[in-house]
Amino acid sequence: MDHAPGAHEMGSSVSSLDTLGAVLFIGWTVGMWLAVVVLAYANRGPVRPWLYKTAVAVIGLGVIGQIGHFQEHAFQAGYWVAHPYSPAWMTPWANSLARGMGQVDPDNPTLGMEILHLTGNFIFLAGLVGIVQITRRAVGSLTSRKWARMGVWMQGIHGLEHVVLTVSVALGAGRAIGLSTWFGAIEPGPALVTYRVWWHFVANLIGTVILAIALYHLWKERRMVKAGYEVPTLLESEAGAPVPAPVPAPGAAPATAASGEAAVREPTPAGRS
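We now turn to the structure provided with this report. (Residues numbered from 1 in each chain as written. Predicted model: local features only at pLDDT ≥ 70, side-chain atom pairs only at ≥ 80, totals over all residues. Heavy atoms only, no water.)

So, about the overall build of the protein chain. Within the protein chain, the regular secondary structure consists of nine helices and zero strands. Walking the protein chain from its N terminus toward its C terminus, one meets helices and strands in the order α-α-α-α-α-α-α-α-α. The burial tally for the protein chain puts 39% of its 273 residues in the buried class. Relative to all contacts within the protein chain whose residues are 6 or more apart in sequence, the contacts with residues 24 or more apart total 73%. On the protein chain, roughly 15,200 Å² of surface is accessible, and the fraction owed to carbon and sulfur atoms is 69%. (Helix = DSSP H or I, 4+ residues; strand = E, 2+ residues; numbered from the N terminus. Buried < 20%, exposed > 50% of the residue type's maximum accessible area, 1.4 Å probe, protein only. Contact = heavy atoms within 4.5 Å. Areas by Shrake-Rupley, 256 points an atom, 1.4 Å probe, with all protein chains shown as cover.)

This part is about the environment of Ser 16. By the element assignment, Ser 16 lies in helix α1 (residues 16-42). In this structure, the C-alpha to C-alpha distance between Ser 16 and Gly 100, residues 84 residues apart in sequence, is 8.4 Å.

Here the focus is the packing of α1 against helix α3 (residues 92-101). At their nearest, the axes of α1 and α3 sit 7 Å apart, and the two run at 85 degrees to each other. In terms of orientation, α1 lies roughly perpendicular with respect to α3. Here Asp 18, Thr 19, Gly 21, Ala 22, Phe 25 and Ile 26 of α1 lie close against α3, whose contacting residues are Ser 96, Leu 97, Arg 99, Gly 100 and Met 101. Considering only residue class, the contact of α1 with α3 consists of five nonpolar, four polar and two charged. (Axes fitted to C-alpha atoms, helices over the stretch in contact; angles between N-to-C directions. Parallel < 35°, antiparallel > 145°, perpendicular 65-115°, else oblique. Nonpolar A, V, L, I, M, F, W, Y, C, P; charged D, E, K, R; others polar.)

We now examine the packing of aromatic side chains. All chains considered together, the criterion is met by eight aromatic pairs. Measuring from centroid to centroid gives 5.5 Å for Trp 198 and Phe 201, while their planes differ by 80 degrees, and the two rings are edge-to-face. Here the residue Trp 198 and the residue Phe 201 both occupy positions in helix α6 (residues 190-220), the gap between them amounting to three residues, near one helical turn. Aromatic ring contacts, followed pair by pair, group Phe 70, Trp 80, Trp 198 and Phe 201 into a single cluster. (Phe/Tyr/Trp six-rings, centres within 6.5 Å; stacked < 30°, edge-to-face > 60°.)

This part covers the pattern of salt bridges. Counted according to the given criterion, the structure contains three salt bridges. One salt bridge connects Asp 18 with Arg 99, and the closest N-O pair in it is separated by 3.0 Å. Of this pair, Asp 18 sits in helix α1 while Arg 99 sits in helix α3, placing them 81 residues apart in sequence. Asp 18 sits in the buried class, given a relative accessible area of 3%. What makes Arg 99 buried here is its relative accessible area of 11%. The residue Glu 114 makes a salt bridge to Arg 196 at a minimum N-O spacing of 3.2 Å. Residue Glu 114 is found in helix α4 (residues 111-134), and its partner Arg 196 is found in helix α6; the two are separated by 82 residues along the sequence. The residues Glu 114 and Arg 196 share a single accessibility class, namely buried. (Salt bridge = Lys/Arg side-chain N within 4 Å of Asp/Glu carboxyl O.)

Bringing a nonpolar patch on the surface into the picture now. Where nonpolar side chains cluster on the molecular surface, the patch consists of Leu 17, Leu 20 and Leu 24 and spans about 330 Å² of accessible area. Mapping Leu 17 onto the fold places it in helix α1. Given a relative accessible area of 60%, Leu 17 falls into the exposed group. (Patch = residues over 30% accessible without salt bridge, like charges linked within 9 Å, V, L, I, M, F, W, Y side chains within 5 Å.)

The subject of this paragraph is α3. Residues separated by three or four positions in an α-helix point in the same direction, a consequence of the helix having 3.6 residues per turn. The buried fraction of α3 amounts to eight of the ten residues, a majority that puts the element mostly inside the structure. When α3 is considered as a whole, its buried residues turn out to be Ala 94, Asn 95, Ser 96, Leu 97, Ala 98, Arg 99, Gly 100 and Met 101. In the core, the buried residues of α3 are packed alongside α1, α2 (49-82) and α4.

Right under this line is the structure:
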């Protein structure tokens, strides 16, 4: 998804499928972050049945999004290996999404691609935040939470890079400004394509490895994580749940509530009949 200006097919006509894909993809990103905000707020209060399932859904959607995101970078790197002096390349489905998103400013040929890359990174970041949230109630220090927090920091910085790239293009900069363009100092051409393609490929490779390690430990620690969303029976009893009455011995008269309370208050001393 990282290209020199004019490298992808923004000049072609935009179809209704391009528009629908762009709307759904942006809606996916917004929906995940709304869920993250709800999780962060609701996890401050009492346990609710839907919290665990919602966190699992956010993580799952983040993983699916990052699989698609990373494969795009892998294809780009592979294309560069075969054609190191050619313009950067995008898969047909990425081109379609970029065309749809580029409708916000048809005169800006690279804005759609920058928006697409920005949303892809924020879907990935939301998935990592989901791991941090789902482990929040677990007792003790979890390895999965440590790796997820590491990923949030790294991907947060990477996401900020794409915010800067997107905003600079939206404001009319001749080329995207950010770390992956050496702040606009690299002239368009093979050098810029090489630097951007490999910079983002390596960043996403590291981020994806961190995500995989966090997921591996989350699976190993799943019982501890899930236990944090279960209300213990003891707490239910202390909160006022009814306690079953004692069962009388065979042949004895059933004890009334009053006599039962008296028996508790005044136990029979040892040796008395």
